[in-house]
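Residue-level listing of the chains:
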Amino acid sequence: MAKILVDGVEYDVDPENNLLQECLSQGLDLPYFCWHPCMGSVGACRQCAVKQYRDEEDEKGMIVMACMTPAADGSRISITDAQARLMREQVIESLMINHPHDCPVCEEGGECHLQDMTVMSGHNYRRYDKKKRTHQNQYLGPFINHEMNRCIACYRCVRYYDDYAGGTDLSAQASHHHVYFGRYEEGVLESEFSGNLVEVCPTGVFTDRVFSAHYTRKWDLQSAPSVCTGCGVGCNTTPGERYGTLRRIVNRYNSDVNGYFLCDRGRFGFEYVNSGERLSEPQVRVKGQTEAMAPEHIPSVLQQFTGDVIGIGSPRASNEGNFALQHLVGEENFYAGVADGEHAINQLILQLARDPAFHNPSIREIEQADAIIILGEDVTNVAPRVALALRQSVRNEARALAEKNKIPQWHDAAVRELAQHDRSPLSILSSYATRLDDIAEDSVIDGPAGLVQLAHAIAHRLNDEAADAEALEPAHSDAAGKIAAQLKGARRPLVIAGSASGSLELLQAASNIARALQSGRDTPVDFCTLVPEANTLGLTLLAREENSLGAALERIAAGKASKLIVLENDLYRRAAPAQVDAALGKLESLLVLDLMPTATTEKADYVLPVTAFSEQESTTVNYEGRAQLSFQVHQSASTARPAWLWLTPDNISRVDDLIELCSAQLARFGKLDDLLPDVSQFVSGMKVPRQSHRYSGRTAMRANINVHEGRQPQDDQSLLAFSMEGVSPLKNAAILGQAWAPGWNSNQSISKFQEEVNGELKQGHTGELLIARDGERLSYFPAPTAKSASGDGLELALAHQIFGSDELSARSEAIQQRMTGAYVSLAPSDAERLSLKQGDRVSLDGNGGLATVCIRKKMKPGTAAVYCGDNEINPHALEARVSLSKVDGESPVRALDGLIVSDLYEEAY
């Protein structure tokens, strides 16, 4: 630690950081624009000027930029010095010359960093009365609005989009006061992380287009801490509600998970919550017709589901919903609601998570890896926030070079200039090109069987105790040696695999690589096992290994169970339709709980509507075994209830009671109740308000019902209140609904709630890791026999898309504008052999669905990468080798729109 003096007060600081970061970490107010905690310093805006003195005898001092000055031991600075304050005021005045001053109509108003810094700098009178520079705005797609006239040229947008997120289609153009931040020509921003521009931009240049469609001011949004349900990463979010509808989602800081950023699926994929298609009332099927069910009949219906009843859980349902169903039907009658192949992979993932040789790293730990291998996972489309972390990890070589040359890590421009294109090695073994190929040192394209052989060869080169592969191609042999050497020489290697590839053998091979790396090390090796859905691992912890979906369907088909309860799951997305039909046809009664109509609800005798993630308090478990608590944001406008509330007896009426019961009864969920906030920290039982202290129009909102303001809705489920009354969470960030501090209305106010900038939240909860590494140390898996490439058809590889692969977000209007239809990717030689061209329609044998042909240069001949669309093709009806046949007819409009790859064989079709 170092000691510095700021306006005569001594502070202990980290000398590795700059003065701006340390001043903010100490809770001091110092304006800035271009600096960001994750992007370092470039000194572009000149807004953080302070006076620095050489020693205690120096009375004159000199003006320096705090973001470009190290927090060296003995530094003496002044923020309040008159000359420094004057410079900051003049800088902001200069930046504001061309600004339109449109705060009353700007969507950023009230949460604008520019507003905060203008007030903080003391600029309160506009002297400039000449003609302002104006720009033409661009259409940037369904997610982002563009208003260039508000730009102050801080360069944050391009530094984030290009340097941090790896985008290529947004840039700074022109020069001087004509500089323009946009695309070469207007069009959809291609990056899957473009939505972060809304929060990164300190003004209103980039705003939330989805939010604009039903806009309200920030202070009129009712908010609560939540967790994203778009994938298995579990990013922390803050949804905002008004008039009973969910209006937007913004990032909520979690130091171990998502940090400051979200992916676009998580940010914009919430509109299904407001969908008119939502199931809103209990239903019963009478003589083949669906009718509304009277509430008084529901208890008697639920009482029917006893005896030979089984329950099928869901990876998109909460722990509480799944546990309540298991508690109702019994552990032996509770089945995992995922495809059998995925269930087997998930069980192995659970075993590997308990293996003392491995450690499943958090997002922050992934960023520290200095050599990475990805096996079969299209990370950007399956776990996008992990992909963003990988883009930071390859920069560790640059950071090492900077440290060697005594360049501080926060000096972003200098570090990048020094490193140029030097990166930490990233190797990708995939069946098709991925969005991370641009930062990969090695990208090996092969069919799933070939990738398994290559992975075993890598493991054997790392440790000859691991089984070697058979009949390895010469090119693969060279790649295996190179990749093994990179991993072996790394300080912190990282292996990534998962269940989205659908290959158990590939996960086994990945574990061999990780085990070979761990041999001879004193610490576990980082082995990241990704899962595709929000609570896949929570469901896996609940269901027995033998209780697969296939086993449930077979039990029903055999007449050993006559009643079935399906929880938030469409079985037709999890198994072959014929198998599901055969089982459901044998049932006496089928009860389905869900929030949207599905093919399964259409077959149900009874349907109970359940609440969405923002309408309930619940817990989920992410890919690393981290359980997190999500609070209810708003009440459901319909008769929908949380699934657990439909399924539990009357003596359990609070979700906290159910969480404690689950924690007490199941050892593997023993830490779940640690997520519940400590009630002793609240004064006189007062709650934390969901509404801000500036919340307005409460009476007017209900004026059509009653002009008198009635009592606010009461919440007996949590420590939050559906009102603006209560204890402000300025010190208790564990349940921080909105980040606000005096003088800091924008999201930059989060620094007031952190122990230090970029550090943990004060009193915050990063989640509880449920899976202890105290299980059996597994052995090396044997290498499979090399499979012959002969046989009919093409080897199947499953493909995924960030916009469309998730069942619920695919029902959101904005996401639908970025979705692509089902397609099959082929190598040019295969397309020529089959007389197919780009955009042709083909049928896949064994499946009734149709797909569009996508010819890609980076495909292994003999392989077909199939994306099933939004359940347009059922993957469980496909064989390991698929045959294609051309069908007449044009491809649907936008059949391949949203598919952004760099290796399309033809640009148009």
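Here goes a summary of the coordinates provided.

What counts, and where the lines are drawn
- Residues numbered from 1 in each chain as written.
- Predicted model: local features only at pLDDT ≥ 70, side-chain atom pairs only at ≥ 80, totals over all residues.
- Heavy atoms only, no water.
- Helix = DSSP H or I, 4+ residues; strand = E, 2+ residues; numbered from the N terminus.
- Buried < 20%, exposed > 50% of the residue type's maximum accessible area, 1.4 Å probe, protein only.
- Contact = heavy atoms within 4.5 Å.
- Lys, Arg positive; Asp, Glu negative; His and termini not counted.
- Charge placed at Lys NZ, Arg CZ, Asp CG, Glu CD.
- Salt bridge = Lys/Arg side-chain N within 4 Å of Asp/Glu carboxyl O.
- Pairing = 2+ DSSP bridges.
- Phe/Tyr/Trp six-rings, centres within 6.5 Å; stacked < 30°, edge-to-face > 60°.
- Axes fitted to C-alpha atoms, helices over the stretch in contact; angles between N-to-C directions.
- Parallel < 35°, antiparallel > 145°, perpendicular 65-115°, else oblique.
- Left-handed = near helix turned anticlockwise from the far one by under 90°.
- Nonpolar A, V, L, I, M, F, W, Y, C, P; charged D, E, K, R; others polar.
- 1 Å grid on protein atoms, 1.4 Å probe; cavity = no way out; pocket = protein on both sides within 12 Å on 5 of 7 lines; lining within 4 Å.
- Points joined across faces, edges and corners; volume = space filled by probe spheres on them.

1. Here we look at the overall build of the protein chain
Line of reasoning, step 1. Counting its secondary structure elements, the protein chain contains 26 helices and 38 strands.
Line of reasoning, step 2. Looking at the protein chain residue by residue over its 909 residues, the buried ones come to 60%.
Line of reasoning, step 3. Long-range contacts, defined here as pairs at least 24 residues apart, represent 74% of the contacts in the protein chain between residues at least 6 apart.
Line of reasoning, step 4. In the protein chain, 86 side chains carry a positive charge and 121 a negative one; their mean positions are 4 Å apart.

2. Some thoughts on the pattern of salt bridges
Line of reasoning, step 1. If you walk through the whole model with that rule in mind, you get 38 salt bridges.
Line of reasoning, step 2. Ionic pairing is found between arginine 242 and aspartate 220, a salt bridge with its closest N-O pair at 3.8 Å. Of the two residues, arginine 242 is situated in strand 12 (residues 236-242) and aspartate 220 in the loop between helix 6 (209-212) and strand 10 (222-223); the sequence distance between them amounts to 22 residues.
Line of reasoning, step 3. Residue arginine 242 is classed as buried on the basis of its relative accessible area of 6%.
Line of reasoning, step 4. Note that glutamate 624 and arginine 626 form a salt bridge whose closest N and O atoms lie 2.9 Å from each other.
Line of reasoning, step 5. Connected through salt bridges with shared partners, the residues Arg316, Arg573, Asp594, Glu807 and Asp870 form a single ionic network.

3. Things to note about the pairing of strand 13 (residues 245-251)
As a general feature of sheets, a regular strand has side chains that alternate between the two faces.
Line of reasoning, step 1. Buried residues dominate strand 13, accounting for six of its seven residues.
Line of reasoning, step 2. Bridge count for strand 12 against strand 13 is six bridges, and the pairing is antiparallel. Bridged to proline 239 within strand 13 is isoleucine 249.
Line of reasoning, step 3. Here strand 12 folds back onto strand 13 in antiparallel fashion, the turn holding two residues, of which tyrosine 243 has a positive phi close to 55 degrees.

4. A closer look at the side chain of serine 589
Line of reasoning, step 1. Tracing the chain through its elements places serine 589 in strand 25 (residues 589-594).
Line of reasoning, step 2. Serine 589 sits in the buried class, given a relative accessible area of 14%.
Line of reasoning, step 3. Excluding residues that lie within four positions of it along the chain, serine 589 makes contacts with Gln304, Phe305, Ser562, Lys563, Leu564 and Asp605.

5. Some remarks on the packing of aromatic side chains
Line of reasoning, step 1. The full count for this structure, using the stated rule, is 14 aromatic pairs.
Line of reasoning, step 2. Here the aromatic rings of tyrosine 32 and tryptophan 744 are separated by 6.2 Å at their centres, their planes lie at 35 degrees, and the arrangement is tilted. Residue tyrosine 32 is found in the loop between helix 1 (19-25) and strand 3 (49-53), and its partner tryptophan 744 is found in the loop between strand 30 (720-721) and strand 31 (768-769); the two are separated by 712 residues along the sequence. Of the two residues, tyrosine 32 and tryptophan 744, neither departs from the other in class, the shared state being buried.
Line of reasoning, step 3. Look at tyrosine 160 and phenylalanine 261: their rings are 5.1 Å apart centre to centre, the planes differ by 35 degrees, and that puts the pair in the tilted class. Of the two residues, tyrosine 160 is situated in helix 4 (residues 156-164) and phenylalanine 261 in the loop between strand 13 and helix 7 (264-268); the sequence distance between them amounts to 101 residues.
Line of reasoning, step 4. Look at tyrosine 160 and you get buried, because its relative accessible area is 0%.
Line of reasoning, step 5. Accessibility expressed as a relative area gives 1% for phenylalanine 261, which makes it buried.
Line of reasoning, step 6. In this structure an aromatic cluster arises from ring pairing among Tyr160, Tyr164, Tyr253, Tyr260 and Phe261.

6. Quick look at the environment of glutamate 397
Line of reasoning, step 1. Along the chain, the position of glutamate 397 falls in helix 14 (residues 396-404).
Line of reasoning, step 2. Owing to a relative accessible area of 33%, glutamate 397 belongs among the partly exposed residues under this scheme.
Line of reasoning, step 3. Along the backbone, glutamate 397 and alanine 419 are 22 residues apart, and their C-alpha atoms lie at a distance of 7.8 Å.
Line of reasoning, step 4. Beyond its immediate stretch of four places on either side in the chain, glutamate 397 contacts Asp422, Arg423 and Ser424.

7. Concerning the sheet that holds strand 17 (residues 334-335)
Line of reasoning, step 1. Judged by pairing direction, the sheet is mixed, and its seven strands sit side by side in the order 15-14-26-25-24-16-17 without closing on themselves. Looking at strand neighbours, the two that pair on one side only are strand 15 (289-292) and strand 17, the edges of this open sheet.
Line of reasoning, step 2. In the packing of helix 9 (residues 319-329) onto the sheet, the strands contacted are strand 16 (309-312), strand 17 and strand 24 (563-567), and the crossing angle to strand 24 comes to about 165 degrees.
Line of reasoning, step 3. Here helix 20 (residues 549-557) sits on the sheet in contact with strand 16, strand 17 and strand 24, set at roughly 150 degrees to strand 16.

8. Notes on the sheet that holds strand 37 (residues 881-882)
Line of reasoning, step 1. Strands sit in the order 37-32-36-33-35-34-38 across an open sheet of seven strands; the sheet is mixed. Looking at the sheet topology across the chains shown, the edges are occupied by strand 37 and strand 38 (884-887).
Line of reasoning, step 2. Pairing of strand 33 (residues 823-826) with strand 35 (residues 850-855) involves four bridges; the strand directions are parallel. Across the sheet, tyrosine 823 pairs through a bridge with threonine 852, a residue of strand 35.

9. Comments concerning the packing of helix 2 (residues 82-95) against helix 3 (residues 113-121)
Line of reasoning, step 1. Direction vectors running N to C along helix 2 and helix 3 enclose 140 degrees, while the axes themselves pass 9 Å from each other. Taken together, helix 2 and helix 3 sit at an angle that is classed as oblique. Where helix 2 crosses over helix 3, the two elements pack in a sense that is left-handed. Seen from helix 2, the contacting residues are Arg85, Arg88, Glu89 and Ile92; seen from helix 3, they are Leu114, Thr118 and Ser121.
Line of reasoning, step 2. Per-class residue counts for the contact of helix 2 with helix 3 are two nonpolar, two polar and three charged.

10. Focus on the layout of surface pockets
Line of reasoning, step 1. Estimates place the volume of the second largest pocket at around 1,400 Å³.
Line of reasoning, step 2. Along the wall of the second largest pocket there are 46 residues; nearest its centre are Pro37, Arg399, Gln409, Trp410 and Asn758.
Line of reasoning, step 3. Every element with two or more residues in the lining of the second largest pocket is listed here: helix 11 (363-366), helix 13 (384-393), helix 14 and helix 15 (412-419).
Line of reasoning, step 4. In terms of residues, the lining of the second largest pocket owes the most to one element, helix 14, which gives five residues.
Line of reasoning, step 5. Here the lining of the second largest pocket is built from residues that sort into 18 nonpolar, 14 polar and 14 charged.

11. Structural notes on empty space enclosed by the protein
Line of reasoning, step 1. Across all of its chains, the model carries twelve cavities of 30 Å³ or more by this definition.
Line of reasoning, step 2. Roughly 670 Å³ of internal volume is contained in the largest cavity.
Line of reasoning, step 3. Lining of the largest cavity is provided by 46 residues; of these, Glu199, Val250, Asn251, Ser746 and Asn747 occupy positions nearest its centre.
Line of reasoning, step 4. Elements represented by at least two residues in the lining of the largest cavity include exactly helix 5 (197-200), strand 9 (206-208), strand 12 and strand 13.
Line of reasoning, step 5. Here the lining of the largest cavity gets four residues from one element, more than from any other, and that element is strand 13.

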